[in-house]
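Secondary and tertiary structure notes
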Amino acid sequence: MSFENFKLDIDADGIALVTWDSPGRSMNVINAKVTEELSAVVEKVAGDTAIKGAVITSGKDSFCAGADLTLLETLSRSFSETAKTQGEEAAAKALFEGSRKLSQLYRRIETCGKPFVAAINGTAMGGGFELCLACHHRVAADGEKTRLGLPEIKVGLFPGAGGTQRIVRMMQPADALQFLLKGDQLRLNRAKAMKLVDNIVPAADLVKTAKAWITAGGKAVAPWDVEGFRLPGGLVYSKAGMMTFPAANAIYRRETYDNYPAARAILQVVYEGLQLPMDQALRVESRHFAKILRSPEAAAMIRSLFVSMQELNKGARRPQGAPPTQLKKIGVIGAGFMGAGIAYVTAAAGIDVVLIDRDQAAADKGKAHSQKLMTDQVNKGRASAADRDALLARITPTPDYAALKGCDLVIEAVFEDRKVKAEATAKAQAIVPDVIFGSNTSTLPISSLAETAKDPARFIGIHFFSPVEKMLLVEIILGKKSGDTALAVALDYVRAIRKTPIVVNDSRGFYTSRVVGTYLREGHLMLTEGVPAAMIENVARIAGMPVGPLSLTDEVAVDLAWKIVKATEADLGAAAIDPAQKALLSEMVEKRGRLGRKNGKGFYDYPEKGQKRLWPDLPALQKIKLDPEKIDITEIKQRLLAIQALETARCFEEGVLTDVREADVGSILGFGFAPFSGGTLSYIDMMGIKRFVELCTRMEKKFGARFKPAKLLLDLAAKDDTFYRRFAPGRGQKAA
Ligand code: NAD
């Protein structure tokens, strides 16, 4: 019997070693062929009397990355096609049968009568980890990098191959729900403490130990299939169950505002499944799984947060033919808040960093940030003292620009001041004249900064988000003259530090800050219209934003928002800004000295001890006060999201954005735009362009010209088109 993805070796004791090693891939993933072959392997083990049991391991350095999500996308697409030709019911049936194949296969492993052991030799995720859970015993090879988890929720799905039902039979339901709803990736010692793996052994002993469990008489029955099995948390109607499930519902609402159908499905399948024997419970899980697979939220999240993100990470926007750059040494000028973070992520990627500031003390302070971050990691057991020392040894803090010699890339993060930036650029270029130069400016146009460089073709914007070590996005900005080499080097650098890049053209606020600006403005204007501040903040979160617009203004600084309004007015004229917003910010900053979190006073108060709270005097700034009972919550939600989506459409129309994937991925990773929507443009597509245009037109009448639908939207609506259809990624079609 020979397979493409599996190798079967039967030893003298009659134990089959099943090695999963899909050809031409760096990691094993589950697809139709793998499912079919694994099924044949299982039947061979089950049916061959000479085989006593099986050990499943992988021939790669990880066990399995999970299901091939593009395949799941195909399943839901073929649902729409079957629905068109054979009707909704037939399509639903086909989807149900198709999407539960893996679940049935895993149940077969569990009940086939022969013991199966998972020999986990590295990371096992999603469907890969569900396979391990379906085995009767789990042994893992000790490995610092190994992670185990069921992260499906992060792409709008849930574990649909028995994962929810097995997990909830292995631990207390509250712990199981938390594990499933967070999608955490566990280190081995944590997984062992949670009893998700039975044994951790040195890699060299992995297969031997797994086999030994079978020879010692390991049983081919899962605990839940043994008569008298007791659920770890008792029945759902028990006292403990009653403590768990109502609270879980409340927590679910608090955390998701019911925006994530997959999270709701997890609660349902756990609650319903716990009341049923395993086979029926798995059927319930499959029913919900097929339904979630069809949800627009899952489709949008898989597309943006998996497919598109992966394509961007792999260099979808990299200029063709540009040779890859090996970045060994990088210069960071400005060791302040941002520069210190950039130095840390760069050193963490194994690249040497020269960290420059105006004097030694300031440069040292920047390096101290890495020291603190690494010490925290060591204290939490996530890194060793040797890791910390190695990372710190890569950072050279100095005021001496001569140390830049030999750098492959220099990034400046000095004060947001043209003159200071030009001076830093000139000093650096005196040492490394041909280096690629990146600016981390948040507001200054790249094209004009590039003019201060020796060669504007080698100048580019590399815009980080704060806190640098946590934020996953980097926005690369092309100035008018930025060349392909600069773009290729910037992309290679972003890849090296394991962040996701988007590439945009120069514009005031680039893409992300420009769109965030509209969100903040909408919140400010609502306040001036008389909407209670608490309502603005809460409804923003209900809409799916991670923080309300007033809170976010405090984080970026109220005086910065005020400066931007003033600069926009000075550059573009009074019509470019909103007088009500100007009056509010002027009052906050100039009259009340409320600068935001940085001085403990913004739209919120930040007491030294205790939690922040809305500034009690805020209502006094509102000339009008609306009756909260009469405020239309849906309209507030739509306003906050639609204004951002509309601004994104404008960026697309103007050519600031040229790729729908970047618009969507950038909006979720950059400013947390309602992830369940798949991002700003997916939000429009999901609503339907016509409906979105109608919504904007209605709002234009009520709230003003800022809601005027972009021409591109009118055109798409007229032709009954969508962003993803007309601008299908990879076709290189541009809006402008
Ligand atoms: P910061 O004030 O914390 O740091 C600036 C650092 O630059 C200071 O340590 C200063 O001593 C140093 N510096 C000034 N002139 C210098 C010179 N000639 N040579 C060497 N060092 C010099 O500011 P920050 O918040 O880190 O911002 C830096 C840049 O990053 C700005 O352009 C800002 O717009 C941009 N940015 C900031 C954020 C943010 O959230 N703070 C986000 C994205 C981008």
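Residues numbered from 1 in each chain as written. Predicted model: local features only at pLDDT ≥ 70, side-chain atom pairs only at ≥ 80, totals over all residues. Heavy atoms only, no water.

**Things to note about the pattern of salt bridges**
Our working definition: Any Lys or Arg side-chain nitrogen located within 4 Å of an Asp or Glu carboxyl oxygen qualifies as a salt bridge. The helix count covers DSSP runs of H or I at least four residues long, the strand count covers runs of E at least two residues long, and both are numbered beginning at the N terminus. Burial classes follow relative accessibility: with a 1.4 Å probe on protein chains only, a residue under 20% of its type's maximum area counts as buried, one over 50% as exposed, and anything between as partly exposed.
The tally for this structure, following the rule as stated, stands at 48 salt bridges. For K702, the salt bridge goes to E635, with nearest N and O atoms at 3.0 Å. Remark: E635 occurs in helix α25 (residues 633-654) and K702 occurs in helix α28 (residues 689-703); sequence separation between them is 67 residues. The shortest N-O distance in the salt bridge between D659 and R661 comes to 2.8 Å. Both residues of the pair, D659 and R661, belong to the buried class. Via salt bridges that share partners, R107, E110, R166, D225 and D279 belong to a single interconnected network.

**Quick notes on the confidence of the model for the protein**
Applicable threshold: Per-residue confidence from the prediction method is given by pLDDT, with values spanning 0 to 100. Contact between two residues is taken to exist if any of their heavy atoms lie within 4.5 Å; hydrogens are not considered.
Summary statistics for the protein give a mean pLDDT of 95 and a share of 99% for residues scoring 70 or more. A low-confidence stretch, residues 732-736 stays under pLDDT 50, and its non-local contacts, those more than four residues away or across chains, total 13 contacts.

**Observations regarding the packing of helix α23 (residues 558-572) against helix α24 (residues 579-591)**
Rules: Axis definition: a line fitted to C-alpha atoms, limited for helices to the stretch in contact. Angles are taken between N-to-C directions and run from 0 to 180 degrees. Note on angle classes: values under 35 degrees are labelled roughly parallel, values over 145 roughly antiparallel, values of 65 to 115 roughly perpendicular, and the remainder oblique. Crossing handedness is defined as follows: a turn of the near helix away from the far one that is anticlockwise and smaller than a right angle gives a left-handed crossing, while the clockwise case is right-handed.
Relative orientation of the contacting elements α23 and α24 amounts to 135°, with a least axis distance of 9 Å. It follows that α23 is oblique to α24 by the angle criterion. Crossing hand, α23 versus α24: left-handed. Residues V558, D559, A561, W562, V565, K566 and E569 of α23 lie in contact with α24, whose contacting residues are Q581, K582, L585, S586, M588, V589 and E590.

**Quick look at the packing of aromatic side chains**
Two aromatic rings are characterised by how far apart their centres lie and by the angle between their planes. The criterion, for reference: Note on aromatic contacts: the rings of Phe and Tyr and the six-membered ring of Trp form a pair at centre separations within 6.5 Å, being stacked when their planes are under 30 degrees apart, edge-to-face when over 60 apart, and tilted otherwise. The criterion for a charge sitting over a ring is simple: Lys NZ or Arg CZ within 6 Å of the ring centre, and within 35 degrees of the ring normal.
Enumeration over the complete set of coordinates arrives at 16 aromatic pairs. Geometrically, the ring pair formed by W20 and F63 is edge-to-face, given 6.3 Å between the ring centres and 80° between the ring planes. One end of the pair, W20, is in strand β2 (residues 15-20); the other, F63, is in the loop between β3 (53-58) and α2 (69-86), with 43 residues separating them in the sequence. Accessibility assignment for this pair places W20 and F63 in one class, buried. Geometrically, the ring pair formed by F673 and Y683 is edge-to-face, given 5.8 Å between the ring centres and 85° between the ring planes. Of the two residues, F673 is situated in the loop between α26 (660-671) and α27 (680-687) and Y683 in helix α27; the sequence distance between them amounts to 10 residues. With a relative accessible area of 0%, F673 lands in the buried category. Of the aromatic side chains, those joined through ring pairs into one cluster are F6, W20 and F63. The ring of Y724 carries R303 above its face, with NZ or CZ at 3.4 Å from the centroid.

**A word on the nonpolar core**
To keep things clear, this is the line we draw: The set of buried Ala, Val, Leu, Ile, Met, Phe, Trp, Tyr and Cys residues whose side-chain atoms join them within 4.5 Å is what this entry labels a nonpolar core.
Ranked by internal contacts, the top residues of the largest apolar core, which has 190 residues, are L196 and F723. At 10 residues, α25 tops the list of elements feeding residues into this core. Setting aside anything within four residues of it in sequence, one finds L196 in contact with F129, L133, R138, I167, M170, M171, F179, L186 and A191. Counting residues in each nonpolar core, the second largest holds 39 residues, with I342, L391, I497 and V503 among its members.

**Here's the deal with the site of the ligand**
Just so we agree on the cut-off: We call a residue near a molecule or strand as soon as one heavy atom of that residue lies within 4 Å of the molecule or strand. Contacts described as polar in this section are N or O atom pairs within 3.5 Å, which, within protein, must combine one atom able to donate a hydrogen with one able to accept it, while residues neighboring in sequence count only if both atoms come from side chains. Shrake-Rupley sampling with a 1.4 Å probe provides the accessible areas, and residues are treated as covered by the protein chains on show and by no other component. Note that Gly is not counted as nonpolar here; it falls among the polar residues with everything else outside the nonpolar set of Ala, Val, Leu, Ile, Met, Phe, Trp, Tyr, Cys and Pro and the charged set of Asp, Glu, Lys and Arg.
Not every one of the 21 residues close to the ligand is listed here, only the nearest: M338, D357, E416, K421 and S442. In the environment of the ligand, an oxygen atom lies 2.9 Å from a nitrogen or oxygen atom belonging to the backbone of F337. Its free accessible area being 830 Å², the ligand has 80% of it covered by the protein chains. Elements with a contribution of two residues or more to the shell around the ligand: α14 (337-348), α17 (418-431) and β15 (459-464). Its residues assigned to classes, the shell around the ligand shows 10 nonpolar, 7 polar and 4 charged.

**Examining the packing of helix α21 (residues 533-543) against α25**
Look at α21 against α25: their axes get within 9 Å of each other, and the N-to-C directions meet at 70°. With respect to their mutual orientation, α21 and α25 come out roughly perpendicular. Judged by residue contacts, M535, I536, V539, A540, I542 and A543 of α21 engage I633, I636, K637, L640 and L641 from α25. Here the residues of the contact of α21 with α25 are counted per class, giving 10 nonpolar, no polar and 1 charged.

**Brief notes about the sheet that holds strand β8 (residues 185-186)**
Our working rule: Should DSSP find at least two bridges between two strands, the strands are taken to pair.
Taking strand neighbours across the sheet as the criterion, the 3 strands line up as β5-β7-β8 in an open arrangement whose pairing is mixed. At either end of the open sheet lies a strand with only one pairing partner, and these are β5 (124-125) and β8.

**Here's the deal with unusual backbone geometry**
Across residues other than glycine, the phi torsion is negative in most instances, and most of the peptide bonds are trans. The omega torsion of the bond from S466 to P467 falls at -5°, within 30 degrees of zero and hence cis. Note that P467 resides in the loop between β15 and β16 (473-478).

**Remarks on a nonpolar patch on the surface**
Quick reminder of the rule: Patch rule: a residue counts if its relative accessible area is over 30% and it has no salt bridge; like charges are joined within 9 Å, and nonpolar side chains (Val, Leu, Ile, Met, Phe, Trp, Tyr) within 5 Å.
On the surface, V556, L560 and I564 cluster together into a nonpolar patch covering about 220 Å² of accessible area. One can find L560 in helix α23.

**Some remarks on the side chain of T35**
Along the chain, the position of T35 falls in helix α1 (residues 32-47). Look past the residues within four positions of T35 in its chain and what remains in contact with it is I30, L102 and L105.

**So, the pairing of strand β14 (residues 436-439)**
Going by this rule: A clockwise course of the path from the first strand over the helix to the second, judged with the strands pointing away from the viewer, identifies a crossover as right-handed.
In β14, alternate side chains face the same way, and those of I436 and G438 on one face and F437 and S439 on the other are all buried. Here 4 bridges tie strand β13 (residues 409-412) to β14, and the two strands are oriented parallel to one another. Opposite V410, over in β14, you have F437 as the bridge partner. The β-α-β motif built from β13, the intervening α17 and the parallel element β14 has right-handed crossover chirality. With 3 bridges joining them, β14 and β15 adopt parallel strand pairing. For F437, the partnering residue across the bridge sits in β15 and is F459.

**Comments concerning α26**
Just so we agree on the cut-off: Here the expected length of a helix is defined as 1.5 Å per residue gap, with one fewer gap than residues.
For α26, with 12 residues, the first-to-last C-alpha span of 16 Å sits near the 16 Å given by 1.5 Å per residue. Of all 12 residues that make up α26, 12 are buried, and the element is covered over most of its length. Every buried residue belonging to α26 is among V660, R661, E662, A663, D664, V665, G666, S667, I668, L669, G670 and F671, and all of these are buried. Backbone geometry just after α26 places G672 at a positive phi near 70°.

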